[in-house]
Amino acid sequence: MNVQVLFHDNCFDGAASAAVFSRFYRERVRADAAFGYQGLNHKPGAEGIDPAVFTGEENVIVDFRYSQDARLTWWFDHHASAFQQPGDEAHFRADTSGRKFHDGHRKSCTKYLADVAHERFGWDASSLSDLIHWAEIIDGAQFPSPQMAVALEEPALRIMTVLEANKDPALIPEVIRRMQSESLAELAASPLIATPLAPLLSRHQGHIELVRAKARYERGVVFFDLVDEGVDSLNKFIAYALYPDARYTLWVGKGASRAKVSLGSNPWKPELRKHDLSAIAGRFGGGGHPVVAAASFKADQSDKARAAYQEILAELSTAG
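Residues numbered from 1 in each chain as written. Predicted model: local features only at pLDDT ≥ 70, side-chain atom pairs only at ≥ 80, totals over all residues. Heavy atoms only, no water.

You'll find the protein entered in an unreviewed UniProt entry as DHH family phosphoesterase.

Below you can see the structure in the form of structure tokens.
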């Protein structure tokens, strides 16, 4: 049985979800399954998932939005913005397979998937408890402090850093395979992670100084523009380490393949959030969660990204 597992690319929760699903499927559905892995990224605007990705006898999506494609046989997601295309939610509600699951209130897809696999299929996920624990911490921003999230000393956070910056299509599938049997400490210490990590930690220190220099803090919002610096990805907790009383962070950046607006609310002060960030990002073709979201634009549309950034800044700066 050829099982194609499609996962949220460049994301610890996406990779961990793919690893947990693979163990579950092999142990409770078919022991002889062969797995292929392909990452999915959110495209500029609200384009649907490319039908060409459904190449398996079984096709699975974890930690990513819904597809009405008839070849999709398993689906697990926890994003509030899971249903992007017209008819998506109605199609999901009408499904009778018992293999498609969504809960927009769960902190991580990994733990949600493990819980569903246990409750519905009697699978024991205890051997992957550390992976599930860290996916919940990382995707749910459950760190005890922003300093821990920025220090990147824990093995899981080092793996997260490599996954978020990765451009090698072979690396994350190999990480997913090894997550199923290796400890996070073993994986983080291996050349697969340790080699690309070293320059990333140096770049991370540069990002901290860049945010320190560029960020402004007004009316509860930390905001900054990194388009001219060519940055489209950085540790989202840096701003909270610098401005621990902030309600929101908002920034706009640009990389080789996209321009991006990122929105976040302070996970250490959840009572300050007054906006649904996924709904705001959704107006620009993006999505995410009420507490953290993003909208992507084409690489040559930095002007549109900046205009969205300014519009969102005005909204977040209101007391609403």
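S.K.: Would you mind showing me how to read the sheet that holds strand 11 (residues 292–297) here?
M.R.: In sheet architecture, strand pairing relies on hydrogen bonds along the backbone and comes in two forms, parallel and antiparallel. Pairing is mixed across the open sheet formed by six strands, whose spatial order is 6-7-8-9-11-10. Single-partner strands in this sheet number two, and they are strand 6 (216–218) and strand 10 (287–288). With six bridges connecting them, strand 9 (residues 259–265) and strand 11 associate as antiparallel partners. Its bridge partner being in strand 11, Ala259 is matched across the sheet by Phe297. Strands in contact with helix 9 (residues 191–214) are strand 6 and strand 7 (221–226); relative to strand 7, the strand with the most contacts, it is inclined by about 110°. The strands that helix 12 (residues 302–316) touches are strand 7, strand 8 (248–254), strand 9 and strand 11; relative to strand 8, the one it contacts most, it runs at about 170°. (Pairing = 2+ DSSP bridges. Helix = DSSP H or I, 4+ residues; strand = E, 2+ residues; numbered from the N terminus. Contact = heavy atoms within 4.5 Å. Axes fitted to C-alpha atoms, helices over the stretch in contact; angles between N-to-C directions.)

S.K.: What is the right way to look at the pairing of strand 3 (residues 58–62) in this model?
M.R.: One face of the sheet, then the other: side chains in a regular strand alternate in exactly this way. Burial analysis of strand 3 places five of its five residues in the buried class, the great majority of the element. Because side chains alternate across strand 3, one face comprises the buried residues Glu58, Val60 and Val62, and the other comprises Asn59 and Ile61, equally buried. Both strand 1 (residues 2–8) and strand 3 contribute to a ladder of five bridges, which runs parallel. Paired with Gln4 across the bridge in strand 3 is Asn59. Here strand 3 runs beside strand 4 (residues 72–77); their pairing, made up of four bridges, is parallel. (Buried < 20%, exposed > 50% of the residue type's maximum accessible area, 1.4 Å probe, protein only.)

S.K.: Where do I start with the pairing of strand 4 in this structure?
M.R.: Judged by how many residues are buried, strand 4 sits mostly within the fold: five of six residues are covered. Of the pairings in the sheet, the one linking strand 4 to strand 5 (residues 100–102) comprises three bridges and is parallel in character. For Trp75, the partnering residue across the bridge sits in strand 5 and is Lys100.

S.K.: What exactly am I supposed to notice about the domain arrangement of the protein here?
M.R.: Where the parts come together, the accessible area they lose is often given as the size of the interface. Once the domains are mapped, the protein shows domain 1 (2–194) and domain 2 (215–317). Averaged C-alpha coordinates put domain 1 and domain 2 at centres separated by 24 Å. With 21 residues of domain 1 at the interface, the matching set in domain 2 holds 19 residues. Those elements giving two or more residues to the side of domain 1 that touches domain 2 turn out to be helix 5 (146–151) and helix 6 (155–165). If one sorts the elements of the side of domain 1 that touches domain 2 by residue count, helix 5 sits on top with four residues. Of the residues that constitute the side of domain 1 that touches domain 2, the class distribution is 11 nonpolar, eight polar and two charged. (Domains from an automatic or database assignment. Nonpolar A, V, L, I, M, F, W, Y, C, P; charged D, E, K, R; others polar.)

S.K.: In this structure, what is going on with unusual backbone geometry? I would like to understand it.
M.R.: Across the chain, the bulk of peptide bonds are trans and the bulk of non-glycine residues have phi less than zero. The backbone of Ala141 sits at a positive phi, close to 50°, despite the residue not being glycine. Along the chain, Ala141 turns up in the loop between helix 4 (129–139) and helix 5. Unusually for a residue other than glycine, Leu152 sits at a positive phi of about 55°. In this fold, Leu152 is placed in the loop between helix 5 and helix 6. A residue is classified by how much of its surface remains accessible, and Leu152, at 1% relative accessible area, is buried.

S.K.: When you look at the sheet that holds strand 4 in this model, what are you seeing that I'm missing?
M.R.: Taken together, five strands build an open sheet; the order of strands is 2-1-3-4-5 and the sheet is parallel. Looking along the sheet, the strands with just one partner apiece sit at the ends: strand 2 (34–40) and strand 5. Ignoring strand direction, the axes of neighbouring strands in this sheet form an average angle of 20°.

S.K.: Even after reading the chapter, I still don't get helix 3 (residues 109–121), so can you show me in this structure?
M.R.: Because each turn of an α-helix spans 3.6 residues, side chains separated by three or four positions in sequence point in the same direction. With 13 residues, helix 3 should reach 18 Å at 1.5 Å per residue; the first-to-last C-alpha distance of 17 Å fits that figure. Listed as buried for helix 3 are Cys109, Thr110, Tyr112, Leu113, Ala114, Asp115, Val116 and Ala117. On its buried face, helix 3 is in contact with helix 1 (12–28), strand 3, strand 4, strand 5 and helix 4. Measuring from the backbone nitrogen of Lys111 back to the side-chain oxygen at the start of helix 3 gives 3.2 Å, which picks out Ser108 as the cap. Remark: Gly122 follows helix 3 within two positions and exhibits a positive phi of approximately 70°. (Expected span 1.5 Å × (residues − 1). Polar contact = N/O pair within 3.5 Å; in protein donor to acceptor, adjacent residues only side chain to side chain.)

S.K.: Please clarify how the side chain of Ser278 should be interpreted in this entry.
M.R.: Relative to the assigned elements, Ser278 resides in helix 11 (residues 277–282). Discounting chain neighbours no more than four positions away, the residues touching Ser278 are Ala80, Gly287, Gly288, His289, Pro290 and Ala293.

S.K.: Explanation requested: the nonpolar core in the structure shown.
M.R.: Here is a general trend for soluble globular proteins: nonpolar side chains tend to be buried in one another's company. With 73 residues, the main nonpolar core has Phe12, Phe21, Ile159 and Met179 as its most contacted residues. For this core, the leading source of residues is helix 1, giving nine residues. (Core = buried A, V, L, I, M, F, W, Y, C linked by side-chain atoms within 4.5 Å.)

S.K.: Sorry if this is basic, but what is going on with the packing of aromatic side chains here?
M.R.: Given two aromatic rings, one states the distance between the centres and the angle between the planes to describe the pair. All chains considered together, the criterion is met by 24 aromatic pairs. Ring centres of Tyr25 and Phe35 lie 5.9 Å apart, and the angle between their planes is 85°; this geometry places the pair in the edge-to-face category. Pair noted here: Tyr25 is in helix 1 and Phe35 is in strand 2, with a separation of 10 residues, a long-range link. For the pair Tyr25 and Phe35, a shared accessibility class is recorded, and that class is buried. With a centroid separation of 4.8 Å and an interplanar angle of 70°, the aromatic rings of Tyr66 and Trp75 are classed as edge-to-face. Side by side, Tyr66 and Trp75 carry an identical accessibility label, which is buried. Among the aromatic residues, those joined into a cluster by ring pairs are Phe21, Phe24, Tyr25, Phe35, Tyr37, Trp74, Phe76, Phe101, Phe121 and Trp123. (Phe/Tyr/Trp six-rings, centres within 6.5 Å; stacked < 30°, edge-to-face > 60°.)

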